[in-house]
Amino acid sequence: MNVLHFVHAFFGDGAHWHGYDGIPRRLLEHVQYSLAALGIAAAIGLPVGLVTGHTGRGGTVLALIATAARALPSFGLLVLMFVLLGLGLLPVMIPLVVLAVPPILVTTYEAVRSVDPAPVDAARGMGMTEPVILFRVEVPVALPLIMSGLLSAAIQIVSTATIAAYVSLGGLGRYIVDGLYQRNYEKVVGGATLVAVLALATLAVFWVVTRAVVSPGVRRRA
């Protein structure tokens, strides 16, 4: 039996579309976990990246922190948090946020640092304050690269949020974990396919959002 047969059998089974373990419910849970983790990571990474990028200070420290965070195994961190905190959403959120902060933080820093200094100096010469310069001059130009950092973090979260199933939570990882335990490879392949489709949908959403928030002139230069 090939992979396509497993995919067809999984999605063709009406039982997978209804009830507590149905695809709509598991998909919604996975999206909720992902959005929560991305929101927390963005709340941490964006302000720090913007401030350090604007001031030009702390770049080396950010690189070290990002490297250290990327080296942490998400599943190992999940197990550690589970041991320390027990069951619940918090042990899942911590490794997902740790995974997502580095690309947001480093990319935001680099995006602001890469802005042409000429308009920044001109803005200072006009008497603009530093926060105004950051948000009215630097951020609009840096936005495409900032969005790419958010996209990278979002894809990593969507792909890794399957670990929630290992601590008895839901999401699409439930199909993979339960399928492996039951030796039901139809369910494993179906769950993996749903994660891949959700990752592609995330790419599409970010493309639309980027087109909406980035000015056409900046898009042409990017």
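As a reminder, the structure under discussion sits directly above these lines.
These lines cover the structure that appears in this document, whether it is placed above or below. (Residues numbered from 1 in each chain as written. Predicted model: local features only at pLDDT ≥ 70, side-chain atom pairs only at ≥ 80, totals over all residues. Heavy atoms only, no water.)

## Points about the overall build of the protein
Note the cut-off: Every helix listed is a DSSP run of H or I at least four residues long, and every strand listed is a run of E at least two residues long, numbered separately from the N terminus. Between buried and exposed lies partly exposed: a residue is buried under 20% and exposed over 50% of the maximum accessible area for its type, with that area taken using a 1.4 Å probe on protein chains only. We call two residues contacting when some pair of their heavy atoms lies within 4.5 Å. Residue exposure ignores everything except the shown protein chains as possible cover, and the areas themselves are Shrake-Rupley values with a 1.4 Å probe.
Within the protein one finds ten helices and zero strands. Counting from the amino terminus, helix and strand elements in the protein follow one another as α-α-α-α-α-α-α-α-α-α. With the principal axes as the frame, the protein shows a C-alpha extent of 65 × 40 × 25 Å. Counting all 222 residues of the protein, 44% fall into the buried class. Sequence separation of 24 or more characterises 75% of the internal contacts of the protein that already satisfy a separation of 6 or more. Summed over all atoms, the accessible surface of the protein reaches about 11,700 Å², with 69% contributed by carbon and sulfur.

## Quick notes on the packing of helix 2 (residues 23–55) against helix 9 (residues 185–213)
A pair of packed helices can be characterised by two numbers: the angle between their axes and the separation between those axes. This is how the line gets drawn: Interaxial angle, 0 to 180 degrees, is taken between N-to-C directions of lines fitted to C-alpha atoms, where a helix line uses only the stretch in contact. In this scheme, roughly parallel covers angles under 35 degrees and roughly antiparallel covers those over 145, while 65 to 115 is roughly perpendicular and the rest are oblique. For a crossing to be left-handed, the near helix must be turned anticlockwise from the far one by less than a right angle; the clockwise case is right-handed. By the convention adopted, Pro, Cys, Tyr, Trp, Phe, Met, Ile, Leu, Val and Ala count as nonpolar, Lys, Arg, Asp and Glu as charged, and the other residues, Gly among them, as polar.
The contact between helix 2 and helix 9 brings their axes to 12 Å, and the two run at 50°. When the interaxial angle is binned, helix 2 and helix 9 end up oblique. For the crossing formed where helix 2 meets helix 9, the hand is right-handed. Residues I23, L27, H30, V31 and L38 of helix 2 touch helix 9, and the partners they reach there are L194, V195, L198 and F206. The residue inventory of the contact of helix 2 with helix 9, partitioned by class, reads eight nonpolar, one polar and no charged.

## Side note on a nonpolar patch on the surface
Test applied: Each patch is built from residues that are more than 30% exposed by relative accessible area and take part in no salt bridge. Like charges join if they lie within 9 Å; nonpolar side chains (Val, Leu, Ile, Met, Phe, Trp, Tyr) join within 5 Å. Criterion for a salt bridge: a side-chain nitrogen of Lys or Arg within 4 Å of a carboxyl oxygen of Asp or Glu.
Together, F75, V79, L80, F82, V83, L84, L85, L87, L90, Y166, L180 and Y185 make up an exposed nonpolar region whose accessible area comes to about 1,200 Å². Per element, the largest residue contribution to the nonpolar patch is seven residues, and it comes from helix 4 (residues 74–85). Here L87 is to be found in the loop between helix 4 and helix 5 (90–113).

## Quick word on the pattern of salt bridges
Opposite charge on two side chains permits them to pair, given that their charged atoms come into close proximity. Under the defined criterion, the tally for this structure stands at six salt bridges. Measuring nitrogen to oxygen at the nearest pair gives 2.8 Å for the salt bridge that ties R26 to D21. You can call D21 partly exposed: its relative accessible area is 25%. Note that D178 and R174 form a salt bridge whose closest N and O atoms lie 3.1 Å from each other. With D178 and R174 both in helix 8 (residues 173–182), this residue pair falls four residues apart, about one helical turn. R174 sits in the buried class, given a relative accessible area of 13%.

## What about the environment of K187?
Test applied: Polar contact is the term for a pair of N or O atoms within 3.5 Å; when the atoms are in protein, one must be able to donate a hydrogen and the other to accept it, and sequence-neighboring residues count only if both atoms are side-chain atoms.
Looking at where K187 falls in the secondary structure, it is placed in helix 9. Taking the relative accessible area as the measure of exposure, K187 reaches 10% and is therefore buried. With 120 residues separating them along the chain, K187 and T67 place their C-alpha atoms 35 Å apart. When residues no more than four places from it in sequence are discounted, the contact partners of K187 are F10, D21, Y175, D178, G179 and Q182. Of note is the side chain of K187, whose polar atom sits 3.5 Å from the side chain of Q182.

## Section: helix 3 (residues 59–71)
Using the following cut-off: A helix is expected to span 1.5 Å multiplied by its residue count minus one.
Compared with the 18 Å implied by 1.5 Å per residue over 13 residues, the 18 Å span of helix 3 between its first and last C-alpha is a close match. On its buried face, helix 3 sits against helix 2 and helix 5.

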